[in-house]
Structures are given as C-alpha cells and as structure tokens.
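Residues per chain, in single letters:
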Amino acid sequence: MAKRVEQLESVVIRFAGDSGDGMQLTGGRFTSETALVGNDLATFPDFPAEIRAPAGSLPGVSGFQLHFADHDILTPGDRPDVLVVMNPAALKTNLADLPKGGTLIVDTDAFTERNLKKAGYDASPLEDGSLAGYQVHAVQLTSMTVGALKEIEGVTAREAERAKNMFALGLMSWLYGRPVDSTLEFLEKKFAKRPEIAAANIKAFNTGYAFGETSESFAVQYEVKAASLQPGLYRQITGNTALSWGLLAASKLSKLPLFLGAYPITPASSILEELAKHKAFGVRTFQAEDEIAAAGAALGASFGGSLGVTTSAGPGVVLKSETVGLAVTLELPLVIIDVQRAGPSTGMPTKPEQGDLLMVLFGRNSESPVPVLAASSPGDCFYAAIEAVRVALTYRTPVYLLSDAYLANGAEPWLVPDIAALAPIDVDFAQPNGEVFQPYARDPATLARPWAIPGTPGLEHRVGGLEKANITGSISYDPENHDLMTQLRAQKVAGVQVPALEVDHQEGADVLVLSWGGTYGPVHAGVRQVRAAGGKAAHAHLRWLNPFPSNLGDVLRSYERVLIPEMNLGQLLQLVRARYLVDAVGYNRVTGKPFKAGEIADAVEALQ
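Residues numbered from 1 in each chain as written. Predicted model: local features only at pLDDT ≥ 70, side-chain atom pairs only at ≥ 80, totals over all residues. Heavy atoms only, no water.

S.K.: Even after reading the chapter, I still don't get the overall build of the chain, so can you show me in this structure?
M.R.: What the chain contains, in helices and strands, is 20 helices and 22 strands. The C-alpha atoms of the chain give 27 Å as radius of gyration, which agrees with the globular expectation for 608 residues (25 Å, within 12%). With respect to the three principal axes, the spread of C-alpha positions in the chain is 85 × 60 × 45 Å. Here the chain holds 608 residues, and the buried ones make up 56% of them. Excluding contacts between residues fewer than 6 apart, the proportion of contacts in the chain whose partners are at least 24 apart in sequence is 77%. Looking at the chain as shown, the accessible area adds up to about 25,500 Å², and 53% of this sits on carbon and sulfur atoms. The chain carries 51 positive and 66 negative side-chain charges, and their two centres are separated by 3 Å. (Helix = DSSP H or I, 4+ residues; strand = E, 2+ residues; numbered from the N terminus. Rg over C-alpha atoms; globule rule 2.2 N^0.38 Å. Buried < 20%, exposed > 50% of the residue type's maximum accessible area, 1.4 Å probe, protein only. Contact = heavy atoms within 4.5 Å. Areas by Shrake-Rupley, 256 points an atom, 1.4 Å probe, with all protein chains shown as cover. Lys, Arg positive; Asp, Glu negative; His and termini not counted. Charge placed at Lys NZ, Arg CZ, Asp CG, Glu CD.)

Put into structure tokens, the structure is as follows:
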C-alpha cells in the first residue's frame, strides 16, 4: 500500500556526523536533488576547523543544513525540522537547535559505550528518556548498510561502513520525494576508477530509499512543490564559485586577461581551485609561496596590463596590506577579495564573521583610502565581482571586495545571466602621441591616471613606492606636492560613483534596520517576521562601504531609530555614528554562526 503524502511549504534539514562521515557530500547531493525539483533553497555547510579531529569527538562534528521551500526564502533556516545524526557527538552538539516535536533520525549503531563517553554522555540518550519530546527514528544505519553490501566483491568492511551516508541520503530522498537519477549518475562518475565502490554506494543509496518505502517507522512521505521563480535557466551555485565566474565575466567584459595570485587559505581557497580550471578563458592562476608574493604578483600583472586579482581571508589580507598601499601610490587597478572568517589571528578558520571591515578601510600606513564593497548572497557574489573590477579599472585603484565563509560555502538557485546583457567595461590604455608621457596626468571625470603598458615606446615612465610629482611622475619630496597628491588620491576614491541606497520601506515604520554583507538574508527574513507579526520596520542594505551612498545620511535621519546588526562588535555602527551623528544602536554577535532571522526580529521588536 502506498504511503500517505503530506504537503509542506518548507523544510529545514540538518545532516550531522563525524568529519569522516561524508556529511558535506550527503548534504550537497540532497541539495542538487532539491534544485532539480525547482524548490527555492539555501544551504549552510558547517565544517570543523581541524583537518581530521579525533573520530567521535565534539570538535570533529561536521554539519550541513538545507532549507528548501515552495516560495522565496532567504536563509538556511533558524532551526532544523529534521536532524539526522550519525553519532552521539553529533547529537550532543546539535540537539539544542532542534525544536520540541522535531524529527530526529539516529544511527543507533554508533551509540556505543566508547562513543557515548567521547561525547560526554553518562548514559545513552536513546534509553534514558531525554529524547521523549522529539519524534525519534532509531535506525541501524551502519549495520544495515554493511549487511546490504556483503555480496559486493572487493569492498572491505570499512569501505562498506563508510557508505552509510548514502543510506541516509537514500532514506531522506524517499522521505521528501527527491529525484534519484542525478545522484546515481554522480556516484558512477565519482567512483569510476573503482567500480566496486560505485556499486557499493549506489546499493547503499537504494537500500536506504527502499527502507523508507517499506519501514513502518515512516508512515508519511512529504512533498514540497516547486517554487514560483523568475523564468530562466537556473543552477545551484556557491558564493566562491559565483565570485570566480564573476571575475571570468569581468575579464571578458574588459577584454583583459585575468591573473589570480593567491595562497591557499580557508575559506577562500576554492576560488583559486575554480579559476585554475578555466585556462581556456585565458586565466592564469599563480599559487604563490606566501600571501605577500601573491599580492605582489597580482599587482605586477596589473602593471603589465592584465586584470590583477588576489584572494585571501583575514590573516592573509593583513600580510597583503603593504602591497595594497603600494597599489594606492602606483594608482593601478587591483582587486583584493577578502572572504572573512572568525578571528583574530587563526581564530575559527571555518566559521563566518564580519570582523575585517575596519581593517580593509584603514589597515594601511598613512592616508591610503580604497573603495570597499561587500556581496550580499552567494549569487550576488557574481555581480559584486564584476562591480569591483569595473571600479578598479575605471578609477585605477585597488578595490576590496568582502565576502565571508557563510556566503563562500552556502548555495542557492542562481538565474544564469545573459552575458550579452552585461555592460562592457571600457579600458583605455595610454597611447604615444609624440609628446613626453605624463604618467600622473588625470582624467577630469574620474581622476584616474593613464594606464601605460610597460615597454611601449614613447610611454617610458617610473613607478614605485616613493611619492611622485603631480603630472610628471618624477620622485618628489616637495611638501606641497605630497599634500596635493594625498588629496587627489582621496578625492578619487570619494568620487567613485555608487548607486543610491534603496530602502524597503513599510508605511508607518519608524525603525530602520541597516545591514551589510552576508547578513542580508537573515536580516531581511527577520524584518519579514516583524511585519508578519503586525510590527512595522524598514530595511536598507549597504553594498558600498567606501564611499557610502550619497543619500545614506538622509535615509538614516528619516527614521526615529536605526538598528545595525553585524557579526562583529559594531564596526559599521562606529562609522555611521561618527560620520552622520545618528544615534544608531547595534545588534552584535560573534558566535561563528550566521544570524538567525528570529533573533533579528526580536532585536527589532525591542526597539519598537
């Protein structure tokens, strides 16, 4: 008899287990299946910082949360509706997030005395009644997987056990009516060099799917219909992939070869890995020996007429600061991408934070202003990269583009743009005209100096870190010239044309929530919750952090109260209060986790 199918509007699922249990692969495949259904979705992979923490330990727990719905959503969800845990440590670290009445699926085989002790349990929570408030499904995931794979030759007992994540994926794919063909094809390709491993994972997946169909423990199957999205071609995309593709697009729009100088660092490394795949587009990737060399090589590429980009996270951006200051003096385009993570120092390398704003604004010696912008969602990283390149090339300046670990690893459906509809980026290199070349003459509209390809006859000039004379570019120690050049560099950055700040205003609202960067999703979702509960609130989100939009002051002064939520201790808040003398208040948390929509809603309601 077919089981009853219940319609749901949205579901939040979290997979959690040991870092060797394949939770990221499991969550990623479930996400791909969900994208094919046409649901709107948002994900939050939560990695342990250790490369390989001790098995079964609390620091070694890896999680993957997915929110999917039949309508527009903005976050991976505040709390899971369904929690799938592969061992006691995963239960210990995640149970507090599961609301009472939520569904809990547990691999009972992992709840051994040894694993319980590692997780800090005195008794098994499966037996002491502590889980009575949840819908618990105790499943022998490991033993059923191993039993199903006994007949596959060439697969060791350990390899069979490792396939338990595919059992879990098959079970969840049945429970929520996900298509399975794409996963089966994926497994065949992933393990093509070892057909027996491919066969084992496929059988584990099918066994989990069949278990859901036949088990009396699961009496209901759930369906979440496709979301009503703007027509077009969509793909699932992460923030770092979108950033990489945005740089590729900017390279084509500007007709400049792309050069990436980078040193591997979490969570920015996958940008280097992605761009290294695209040599066919004329991309050159250079994995440098350190962060300083990476930035220097990228600046050298810009000096040579290429699109120079360097990527890193907070600790690496610190090391690049001297080279960025050199780029300020040289007045050459350079894009610096900072995928922020929790600090200071090494901090929590895999966790998101917004702690680098003041550093990228002021973390260089002397007066060295640079434009700074921040992406707001995984898909927006594509457009933010193009915008950063456009400003760097137009104004001949280094530009910081801020992302964070939440955006970098999170995924969402992305409407693939029509590249032909993207505005070209015009780049005019200096051309010899028979007169003495003046390397610091300026465009009257942008104050950008000429960009001359080295080695071009008639365009000989000197560059370096020493102060240059206005117009001629000769080394100058003249006090008045230094004052003039400092003023000109500041005026150039202040004059960058950025769009006016748009406000999602609600009639009668006297509270404005001002956000920036990767907090857009949870902040706007929180504002939606306030409105749904009968409250009134407006929301504005900053893409440009230097220069600020010209209407920001007017917007701020239009509301009685201003709330600025940040995953830091109040960095934008400090800038806004100093610049505009507005008595804004902050909501600041640095937990290494993204904001929840509910906590933003509570903070807004506390001001009303």
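S.K.: Would you mind going over the environment of Phe 68 with me for this structure?
M.R.: In this fold, Phe 68 is placed in strand β4 (residues 61-69). What makes Phe 68 buried here is its relative accessible area of 0%. A C-alpha to C-alpha distance of 23 Å links Phe 68 and Thr 93, two positions 25 residues apart in sequence.

S.K.: Whenever I open this one, helix α1 (residues 23-37) confuses me. Can you help?
M.R.: Since the α-helix turns once every 3.6 residues, residues separated by three or four places project in the same direction. Taking 1.5 Å of rise per residue, 15 residues should cover 21 Å, and α1 covers 21 Å from first to last C-alpha, within 8% of that figure. Residues Met 23, Gln 24, Thr 26, Gly 27, Arg 29, Phe 30, Thr 31, Ser 32, Glu 33 and Thr 34 constitute the buried set of α1. (Expected span 1.5 Å × (residues − 1).)

S.K.: Help me understand the pairing of strand β2 (residues 10-18), please; the structure alone is not making it clear to me.
M.R.: Within a regular beta strand, the side chains point alternately toward one face of the sheet and then the other, so they alternate between its two faces. For β2, the tally of buried residues reaches eight of nine residues, placing the bulk of the element in the interior. For β2 and β4, the ladder comprises nine bridges, and the chain directions are antiparallel. Within β4, the position partnered with Val 11 by the bridge is Phe 68. The pairing of β2 with strand β5 (residues 82-85) spans four bridges and is classified as parallel. Looking at β5, one finds that Ile 13 is bridged to Val 82. (Pairing = 2+ DSSP bridges.)

S.K.: So what exactly am I meant to see when it comes to the sheet that holds β5 here?
M.R.: Within a sheet, each strand pairs with its neighbour through backbone hydrogen bonds, oriented either parallel or antiparallel. Overall, mixed pairing links the six strands, which are arranged β3-β4-β2-β5-β6-β7 in an open sheet. The sheet is open, and its two borders are formed by β3 (40-46) and β7 (135-139), each paired with just one other strand. Strand-to-strand twist of the sheet, defined as the mean angle between neighbouring strand axes without regard to direction, takes the value 15°. In the packing of α1 onto the sheet, the strands contacted are β2, β3 and β4, and the crossing angle to β4 comes to about 10°. (Axes fitted to C-alpha atoms, helices over the stretch in contact; angles between N-to-C directions.)

S.K.: Please clarify how the sheet that holds strand β11 (residues 284-287) should be interpreted in this entry.
M.R.: Pairing in this open sheet of seven strands is mixed, and the strands run β11-β10-β12-β13-β15-β14-β20 from one edge to the other. Strands with a single pairing partner mark the edges of an open sheet, and in this sheet they are β11 and β20 (544-546). Averaged over all adjacent pairs, the angle separating strand axes in this sheet is 20°, with direction ignored. Two strands pair when backbone bridges link them, and strand β13 (residues 334-340) and strand β15 (residues 398-404) are joined in this way by seven bridges, in the parallel orientation. In the sheet register, Gln 340 faces β15, and the bridge partner there is Asp 404. Taken strand by strand, helix α9 (residues 239-254) contacts β10 (258-262), β12 (307-312), β13 and β15, and its axis lies near 170° from that of β12.

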